[in-house]
Amino acid sequence: GIGISASIKRSWDLSKGSVGRILGVLFIATLVTLPANLVLSYPLQIVLEAMDRESLLFWVVYAINLSISIAVSIFFLPFWQSLKGVIYYDLQSRREGFDLKLSDR
């Protein structure tokens, strides 16, 4: 229920002082997803660069490459979305003290 500028300000305030930790998590997540992209998507793109765009074989390989890229993206999208949620929850709990234990008294 807040506007764009208010959400950007909240994001800046929330991530202040945690840029190194956020970049570290994103770097490790990239290293996790990189082998799948290197093995499944990039070799066909290299083959496509060497092929003639007018041939039927080019379009068959292009369709295969597109379907593999979409499948890899569908597979890793929940990983990236959950990672963003975990980073947000971590930043919010560090900033607002969600992990504090309150006494029953």
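Procedures and definitions
Position labels on residues start from 1 in each chain and follow its written sequence. Restriction of local features to residues with pLDDT of at least 70 applies here, the model being predicted, together with a cutoff of 80 or more for giving and counting side-chain atom pairs; totals for whole chains, interfaces and linings are based on all residues. Only hydrogens and water are set aside when side-chain values are computed; all heavy atoms of the structure are taken into account. To qualify as a helix, a DSSP run of H or I must reach at least 4 residues; to qualify as a strand, a run of E must reach at least 2; elements of each kind are numbered from the N terminus. The globule rule used here is 2.2 Å times the number of residues to the 0.38 power, and the radius of gyration it is set against is calculated over C-alpha atoms. For this analysis, residues touch if any pair of their heavy atoms sits within 4.5 Å. In these tables, accessible area is a Shrake-Rupley quantity obtained with a 1.4 Å probe, and a residue counts as shielded only by the protein chains included in the view. Here Asp and Glu are counted as negative and Lys and Arg as positive; His is not counted, and neither are the chain ends. Lysine's charge is taken at NZ, arginine's at CZ, aspartate's at CG and glutamate's at CD. Joining through side-chain atoms within 4.5 Å is the link that ties buried Ala, Val, Leu, Ile, Met, Phe, Trp, Tyr and Cys residues into a set, and such a set is a nonpolar core. Buried residues are those whose accessible area, probed at 1.4 Å on protein chains only, stays under 20% of the maximum for their type, while exposed residues exceed 50% and partly exposed ones sit between those limits. Between Lys or Arg on one side and Asp or Glu on the other, a salt bridge is scored when a side-chain nitrogen of the former is within 4 Å of a carboxyl oxygen of the latter.

Colleague: Hey, could you run me through the overall build of the protein in this one?
Modeller: Tallying secondary structure elements over the protein gives three helices and zero strands in all. For the protein, the sequential pattern of α-helices and β-strands runs α-α-α. Taken over C-alpha atoms, the radius of gyration comes to 21 Å for the protein, far larger than the 13 Å a tight globule of 105 residues would show. Projecting the C-alpha coordinates of the protein onto the three principal axes gives extents of approximately 75 × 30 × 25 Å. Put simply, 70% of the contacts in the protein that link residues at least 6 apart link residues at least 24 apart. Per element, the accessible surface of the protein, about 8400 Å² overall, is 69% carbon and sulfur. Side chains of the protein carry 10 positive and 8 negative charges; the gap between the two charge centres is 13 Å.

Colleague: Could you clarify how one ought to interpret the nonpolar core in this entry?
Modeller: Within soluble globular proteins, side chains that are nonpolar generally end up buried alongside one another. Ranked by size, the top nonpolar core spans six residues in total: Leu-14, Ile-22, Ala-29, Leu-83, Ile-87 and Leu-91. Elements with a contribution of two residues or more to this core: helix 2 (19–50) and helix 3 (56–96). Counting residues per element, this core draws most heavily on helix 3, at three residues. Residue contacts for Ile-22: discarding those within four places in its chain leaves Ser-15, Ile-87 and Leu-91.

Colleague: Got a minute to help me understand the pattern of salt bridges in this structure?
Modeller: Proximity of charged atoms lets side chains of opposite charge pair with each other. Enumeration according to the criterion identifies four salt bridges in this entry. Between Asp-90 and Arg-94 there is a salt bridge whose closest N-O contact spans 3.0 Å. Note that Asp-90 and Arg-94 are positioned in helix 3 at a spacing of four residues, about one turn of the helix. Exposure remark for Arg-94: the relative accessible area of 54% places this residue in the exposed category.

So far we have only geometry, and geometry alone does not tell us how the molecule works.
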